[in-house]
Amino acid sequence: MNEPCFLGIDIGTQGVRAVLLDVKGNQSGSAEKTFPLNDRSREEQSPQEWWTACQECLQGLLTGAQQRMAVQAISVTSTSGTIIPLDTENEPLHPAIMYSDSRSAAEAVLCSEAAREAQTTGYAAFNASCGLPKMYWFLNRYPEKAAKISRFIHATDFIIGKLSGNYTITDYTNALKSGYDVRNDNWPGYIFEQLPFKKKWFPQVVPSGTVIGNITAEMATLLGLPASVQVVAGMTDGCAAQMASGAVKVGDWNTTIGTTLVVKGVTKKEINDPEGRLYCHRHPEGYWMPGGASNTGGDWVTREFGTDLSALNREAANYIPTRHFFYPLQQNGERFPFIAPQARGFRPENISGAALFAAGMEGVAYVERCAYELIKQLSGEAVTAVYTAGGGSNSDIWLKIRSSVLNLPVYKMKYVTGAVGAAILAAAGTHFGSVSAAATALTQIEKEVHPDKEWAAIYEQDYGKFIDILAQKGYIKQQ
């Protein structure tokens, strides 16, 4: 008998990716379909085009009879804050309103004001990227369609609905920025009392990894899958990538260095950050998943040094630790681990390109450490391990710098995509019994990096000096 396999689907801004994981975490296949990205697609996209691309990916991925028969479950991830209004036939009344659409900024202010007045314990710091303001904007912009609304759903929910026939359920992570109170497990009253929404428009909310139902007979026939394949509640893309990184147990944290630096982890207690630098998702096992995103990340690398970095990495190793201070912020203002609209990047003068490159890697590592210091301060819990993903994790020397600055082991996993995270959720709900067990079994460490003791001693001093510079410039309060 074939060992079970698990399908994961990621509906991203620029395309669909599907992967198939076996029970040992090996990626036995993948398929992708891209979408054109333009100003229009940043605001609205066609859910039907997503679904067509999704079917094409699955048909391209599932090519062997034995492979198809081994599929046990499927789950989905997609962008946080993207919403779709459906009619009574579960057809979209309008294109999907994307998370990156900024047209609902005024509605975001109204939603935040209503949440604060109600003193909700749910999400209250709404902005234009959140789902609830987008729903409000749709009602204001298209009142003639409002009478036809059966429900509002998220991007993940639409594909789950197509697979299972059930459009009535969402998960904690997708519901959060639509106003759901993940602490008290309900939709707060202010949404229906102070804002123009109806309770029937909002879905049931369950933990990610919950089995929703079986695949429809139509889809089973189309894909050649067993009718017993189960469809499992999904997750937002950022949280799914956290699952794929292996950071799923209390004390585990993930840093993704792409354009920005994103930190996500798991704590026993909810973190309440009065300054709004961190917000918390609910972990499927009842823990909390705090996260924050810095404007500092890896965009400075390509902007200042291009993409051919092999020789530069080798040369930079000769200058480490540099004892220089380079905060490579490329835009005005910072949002995490401190909020400082006035923040500007700073750098040393009169040093070589390789030394500046090395100092930039150190600067991002100092910001990462500052993030974890904040997390420990707010949570009272230890950070025991850091998992990593994103383009910044491809540099061995940067991994060594970060491990030494943090004075913690850093683990880079082999497969770190949202689609893999969705496959882990599918396995958690059907085979392993929990997300923690599934992630432990299905994630594979590609690299394990430990601090260099000599570097760590120097970085301990220089991190303090970096924090002093931030304080002197007024970006943070004096320690």
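Scoring rules and cut-offs
- Residues numbered from 1 in each chain as written.
- Predicted model: local features only at pLDDT ≥ 70, side-chain atom pairs only at ≥ 80, totals over all residues.
- Heavy atoms only, no water.
- Pairing = 2+ DSSP bridges.
- Helix = DSSP H or I, 4+ residues; strand = E, 2+ residues; numbered from the N terminus.
- Axes fitted to C-alpha atoms, helices over the stretch in contact; angles between N-to-C directions.
- Contact = heavy atoms within 4.5 Å.
- Phe/Tyr/Trp six-rings, centres within 6.5 Å; stacked < 30°, edge-to-face > 60°.
- Buried < 20%, exposed > 50% of the residue type's maximum accessible area, 1.4 Å probe, protein only.
- Lys NZ or Arg CZ within 6 Å of the ring centre and 35° of its normal.
- Core = buried A, V, L, I, M, F, W, Y, C linked by side-chain atoms within 4.5 Å.
- Salt bridge = Lys/Arg side-chain N within 4 Å of Asp/Glu carboxyl O.

Engineer: Explain the sheet that holds strand β5 (residues 71-78) here, please?
Structural biologist: Consider a sheet: its strands pair through backbone hydrogen bonds, and that pairing is either parallel or antiparallel. Across the sheet, which stays open at both edges, the 6 strands sit in the order β3-β2-β1-β5-β12-β11 with mixed pairing between neighbours. The strands lining the two open edges of the sheet, one partner per strand, are β3 (27-34) and β11 (211-214). When strand polarity is set aside, the average angle formed by the axes of neighbouring strands in this sheet is 20°. Two strands pair when backbone bridges link them, and strand β1 (residues 5-12) and strand β2 (residues 15-22) are joined in this way by 8 bridges, in the antiparallel orientation. Note on β2: the bridge partner recorded for Cys5 is Asp22. This element, helix α11 (residues 237-245), spans β1, β5 and β12 (230-236) of the sheet and lies at about 105° to β12.

Engineer: Where do I start with the packing of aromatic side chains in this structure?
Structural biologist: Aromatic rings in a pair are described by how distant their centres are and how their planes are angled relative to each other. Tallying each qualifying case throughout the model produces 29 aromatic pairs. Plain terms: the ring middles of Tyr366 and Tyr463 are 6.3 Å apart, the flat faces sit at 50° to each other, and that makes the pair tilted. With Tyr366 in helix α14 (residues 353-379) and Tyr463 in helix α18 (residues 453-472), this pair connects stretches of sequence that are 97 residues apart. Take Tyr366: its relative accessible area is 1%, and that puts it in the buried class. By the ring-pair criterion, three or more aromatic residues cluster together here, those being Phe325, Tyr327, Phe338, Phe346, Tyr366, Tyr459, Tyr463 and Phe466. The ring of Tyr142 has Lys145 lying over it, and the distance from NZ or CZ to the ring centre is 4.7 Å.

Engineer: So what exactly am I meant to see when it comes to the pairing of strand β8 (residues 151-154) here?
Structural biologist: The two faces of a sheet get side chains in turn, since along a regular strand they alternate between them. Of the two faces of β8, both are covered, the one formed by Arg151 and Ile153 as well as the one formed by Phe152 and His154. Sheet topology note: the strand β6 (residues 83-86)/β8 ladder contains 4 bridges and is antiparallel. Pairing of Ile84 across the sheet is with Ile153, part of β8.

Engineer: Where do I start with the nonpolar core in this structure?
Structural biologist: Taken as a class, soluble globular proteins show a tendency for nonpolar side chains to be buried jointly. Within the largest apolar cluster, 95 residues are counted, with the highest numbers of intra-cluster contacts made by Leu132 and Phe197. It is α14 that contributes the most residues to this core, 15 residues altogether. In contact with Phe197, other than residues within four places in its own chain, are Leu132, Met135, Tyr136, Leu139, Phe152, Ile191, Phe192 and Phe202. Ranked by size, the runner-up nonpolar core spans 43 residues in total, among them Cys57, Ile153, Ile160 and Ala233.

Engineer: Explain the sheet that holds strand β19 (residues 445-449) to me, please; I cannot follow it from the model alone.
Structural biologist: What the 7 strands build is an open sheet, ordered β15-β16-β14-β13-β17-β18-β19; its pairing is mixed. Pairing within the sheet leaves two strands with one partner each, and these edge strands are β15 (279-282) and β19. Averaged over all adjacent pairs, the angle separating strand axes in this sheet is 25°, with direction ignored. Each of β13 (252-257), β14 (261-265), β15, β16 (288-294), β17 (385-389) and β18 (410-413) is contacted by α11, which is oriented at about 70° to β14, the strand it contacts most.

Engineer: I tried to follow the pattern of salt bridges on my own but got confused; where do I start?
Structural biologist: Side chains that carry opposite charge are capable of pairing whenever their charged atoms lie near each other. Enumeration according to the criterion identifies 19 salt bridges in this entry. For Arg42, the salt bridge identified is with Asp39, shortest N-O distance 3.7 Å. In this pair, Arg42 and Asp39 are both assigned in helix α1 (residues 39-43), 3 residues apart and thus about one turn of the helix distant. Exposure remark for Asp39: the relative accessible area of 62% places this residue in the exposed category. In this structure, the salt-bridge partner of Arg183 is Glu270, at a minimum N-O distance of 2.8 Å. Within this pair, whereas Arg183 is found in the loop between α8 (172-176) and α9 (190-193), its partner Glu270 is found in the loop between β14 and β15, the two being separated by 87 residues in sequence. Connected through salt bridges with shared partners, the residues Arg40, Glu43, Glu44, Asp101 and Arg103 form a single ionic network.

Engineer: How should I be thinking about the pairing of β16 in this particular structure?
Structural biologist: Most of β16 is tucked away: 7 of the 7 residues are buried. Of the two faces of β16, the one lined by Trp288, Pro290, Gly292 and Ser294 and the one lined by Met289, Gly291 and Ala293 are each fully buried. Across 4 bridges, the pairing between β14 and β16 is antiparallel. Residue pairing across strands places Leu261 opposite Ser294, the latter belonging to β16. The sheet contact formed by β15 and β16 spans 4 bridges and is antiparallel. Directly across from Tyr279, in β16, lies its bridge partner Gly291.

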